[in-house]
Amino acid sequence: MINVLFAASDADWRTYEAALNAAFAKARLAIDLSRSHAPKEASYIVYAPSGSLQDFSPFTDCKAVLSLWAGVERIVGNQTLTQPLARMVDPSMVQGMMEYVVAQVLRHHLGMDRYLRGQDGVWQQGEMPPVAQDNPITMLGLGELGRAAGLALASLGFPVRGWSRSPRKVAGIDCYHGEAGLGDALKGTGGIVLLLPSTTETENILNARSLALPAKGAFVVNPGRGTLIDDSALLSALKSGQIGGATLDVFRTEPLPEGHPYWSNPKVTVTPHIAAFTRPGSACGVIAENIRRSEAGEPLLYLVDRGRGY
Ligand code: NAP
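Residues numbered from 1 in each chain as written. Predicted model: local features only at pLDDT ≥ 70, side-chain atom pairs only at ≥ 80, totals over all residues. Heavy atoms only, no water.

S.K.: Looking at this model, I keep getting lost on the overall build of the chain. Mind explaining?
M.R.: Looking only at helices and strands, the chain has nine helices and 12 strands in total. Taken along its principal axes, the extent of the C-alpha atoms in the chain is 65 × 45 × 35 Å. Going through the 310 residues of the chain one by one, you find that 51% of them count as buried. Contacts spanning at least 24 positions in sequence make up 63% of the contacts within the chain whose residues lie at least 6 apart. By element, 53% of the accessible surface of the chain is carried by carbon and sulfur atoms, the whole surface being about 15,100 Å². Placing the 28 positive and 29 negative side-chain charges of the chain at their respective mean positions leaves the two points 4 Å apart. (Helix = DSSP H or I, 4+ residues; strand = E, 2+ residues; numbered from the N terminus. Buried < 20%, exposed > 50% of the residue type's maximum accessible area, 1.4 Å probe, protein only. Contact = heavy atoms within 4.5 Å. Areas by Shrake-Rupley, 256 points an atom, 1.4 Å probe, with all protein chains shown as cover. Lys, Arg positive; Asp, Glu negative; His and termini not counted. Charge placed at Lys NZ, Arg CZ, Asp CG, Glu CD.)

The structure is reproduced here in structure tokens:
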């Protein structure tokens, strides 16, 4: 019997208990899933920052910590965590993110807001929108989510540029990397989608300097993390018209405080961190697969590199 400690909130336990047990049974793993295994008895920890576990040092026989969340910025710097850490990449989450990004990009690209806000009985043919082929989109982040969303946009005809830390080759996406590649990825682009992790290197990657590079009136979609944007620089760029509109799903403080200027800015759409959910049905299969791999001596999926911070 393999002991798996569930270390997340009460609500997460209610959501995940049955789904995890079903996934373990499907993978033919004999697992005792519990919220109360003693630290020395736990072979794996299913973890989310919604719970209270902070000190991983007593878990001396733990083979891996398996995160229920995709973003690991709240655990990656924990000095007591010496066990391998795998983050969540759930196929349904990838699909959800792809749908969110495509919906927001098409909405800004087509200028749909002027019709949504203008149901006043007056027949007003607005400007002719560009077709996708004429409107380059830049994906900042070409990981599991950025690649899927970028490829979906490319399949619709958008010229897609992608930017990553290390060199990447993705058929259908014009790839740039590193500090030196950022300018070329952003210059003259029609829209920016942020799907980077929150690290010290990515903080304020959209700032007054980088926001000046896209075509005038370009849009920003941020389902990545709030720290990626210098908020006052974005508000200034929206005011000047350099940036024409923004859809923001993630913020430095969540929930976004009442009275934050984003709420009242007509060019900004706030969505409450709903771009892509981890769905228990598919996510639990990923946890089970990682335990199976670990027990079979195979490498874990989606292992976090603590040095890089993601
Ligand atoms: P991932 O697979 O780890 O990919 C991250 C991408 O960012 C990689 O392409 C990576 O470059 C790039 N990157 C990291 N640091 C960089 C730097 N300093 N300069 C340039 N590029 C850099 O992550 P993912 O699964 O695609 O997820 C991305 C983020 O989405 C997560 O970290 C999380 O914050 C966010 N997210 C949000 C929601 C939501 O509901 N809003 C849901 C899930 C996830 P390399 O390719 O060279 O490694």
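S.K.: I keep staring at the packing of helix α2 (residues 91-110) against helix α4 (residues 144-155) and nothing clicks. Help me out?
M.R.: The description of two packed helices rests on the angle between their axes and on the distance between the axes. Where α2 contacts α4, the two axes come as close as 9 Å, and the packing angle between them is 45°. When the axes of α2 and α4 are compared, the pair comes out oblique. Our pair here, α2 against α4, has a crossing hand that is right-handed. In this structure, α2 uses M93, V94, M97, M98, V101, V102 and V105 to contact α4, whose residues at the interface are E144, L145, A148, A149, A152 and L153. The residue makeup of the contact of α2 with α4, split by class, is 12 nonpolar, no polar and one charged. (Axes fitted to C-alpha atoms, helices over the stretch in contact; angles between N-to-C directions. Parallel < 35°, antiparallel > 145°, perpendicular 65-115°, else oblique. Left-handed = near helix turned anticlockwise from the far one by under 90°. Nonpolar A, V, L, I, M, F, W, Y, C, P; charged D, E, K, R; others polar.)

S.K.: Can you walk me through the site of the ligand in this structure?
M.R.: As a structural note, the neighbourhood of the ligand is formed by 30 residues, with R87, L145, S166, R168 and Y310 the closest of them. A distance of 2.8 Å separates an oxygen atom of the ligand from a polar side-chain atom of R87. S166 has a polar side-chain atom sitting 2.5 Å from an oxygen atom of the ligand. Burial of the ligand by the surrounding chains reaches 94%, relative to a free accessible area of 940 Å². Counting only elements with at least two residues in the shell around the ligand, the list comes to α2, α4 and β7 (160-164). (Near = heavy atom within 4 Å. Polar contact = N/O pair within 3.5 Å; in protein donor to acceptor, adjacent residues only side chain to side chain.)

S.K.: How do you make sense of the packing of aromatic side chains when you look at a structure like this?
M.R.: Any aromatic ring pair is given by two values, namely how distant the centres are and how the planes are angled relative to each other. Inspection of every chain in the model, using the stated rule, returns four aromatic pairs. Plain terms: the ring middles of F6 and Y16 are 6.4 Å apart, the flat faces sit at 40° to each other, and that makes the pair tilted. Of the two residues, F6 is situated in strand β1 (residues 2-7) and Y16 in helix α1 (residues 10-26); the sequence distance between them amounts to 10 residues. Assessed through its relative accessible area of 2%, F6 is described here as buried. On the basis of relative accessibility, which here comes to 6%, the residue Y16 falls in the buried class. Each ring, one from F251 and one from Y262, has its centre 6.2 Å from the other, and the planes form 55°; the classification is tilted. Of this pair, F251 sits in the loop between β11 (243-248) and α8 (261-264) while Y262 sits in helix α8, and the two are 11 residues apart along the sequence. For F251, a relative accessible area of 10% puts it in the buried group. Three or more aromatic residues joined by ring pairs make a cluster, and in this case those are F6, W13 and Y16. In this structure, R308 is placed above the aromatic ring of Y310, and the distance from its NZ or CZ to the ring centre is 4.0 Å. (Phe/Tyr/Trp six-rings, centres within 6.5 Å; stacked < 30°, edge-to-face > 60°. Lys NZ or Arg CZ within 6 Å of the ring centre and 35° of its normal.)

S.K.: I'm lost on the sheet that holds β11 in this one. Help?
M.R.: Strand pairing in a sheet is mediated by backbone hydrogen bonds. Such pairs are either parallel or antiparallel. The strand order across the open sheet formed by seven strands is β8-β7-β6-β9-β10-β11-β12, and the pairing between neighbours is parallel. Single-partner strands in this sheet number two, and they are β8 (173-177) and β12 (268-270). This sheet shows a mean twist of 15° between the axes of neighbouring strands, independent of strand direction. Against the sheet, α2 engages β6 (137-140), β9 (191-194), β10 (218-222), β11 and β12, with an angle of about 155° to β11. (Pairing = 2+ DSSP bridges.)

S.K.: Can you walk me through the sheet that holds strand β3 (residues 44-47) in this structure?
M.R.: If you walk across this open sheet you meet the five strands as β2-β1-β3-β4-β5, and the pairing is parallel. Two strands in the sheet have a free side with no partner beyond their single neighbour: β2 (31-34) and β5 (85-86). Sheet topology note: the strand β4 (residues 64-67)/β5 ladder contains two bridges and is parallel. In the strand pairing of β5, V65 is matched with L85. Across the sheet, α1 is in contact with β1, β2 and β3; its angle to β2 comes to roughly 180°.

S.K.: Just to check I follow, could you spell out unusual backbone geometry for this structure?
M.R.: Trans peptide bonds make up most of the peptide bonds, and negative phi angles are found at most residues other than glycine. E254 connects to P255 through a cis peptide bond whose omega is -5°. Within the secondary structure layout, P255 lies in the loop between β11 and α8. Look at H273: it is not a glycine, yet its phi comes out positive at around 50°.

S.K.: Honestly, the side chain of D249 in this entry has me stumped. Any pointers?
M.R.: Looking at the secondary structure, you find D249 in the loop between β11 and α8. Among buried Asp, Glu, Lys and Arg side chains, D249 stands out as unpaired, with R225 the closest opposite charge at 7.0 Å. Looking at D249, its side chain comes within polar contact range of the main-chain nitrogen of A275, at 3.0 Å. (Salt bridge = Lys/Arg side-chain N within 4 Å of Asp/Glu carboxyl O.)

S.K.: Which parts of the structure should I look at to understand the environment of G111?
M.R.: The topology assignment puts G111 in the loop between α2 and α3 (113-116). The sequence separation of G111 and G245 amounts to 134 residues, and the corresponding C-alpha distance is 9.7 Å.

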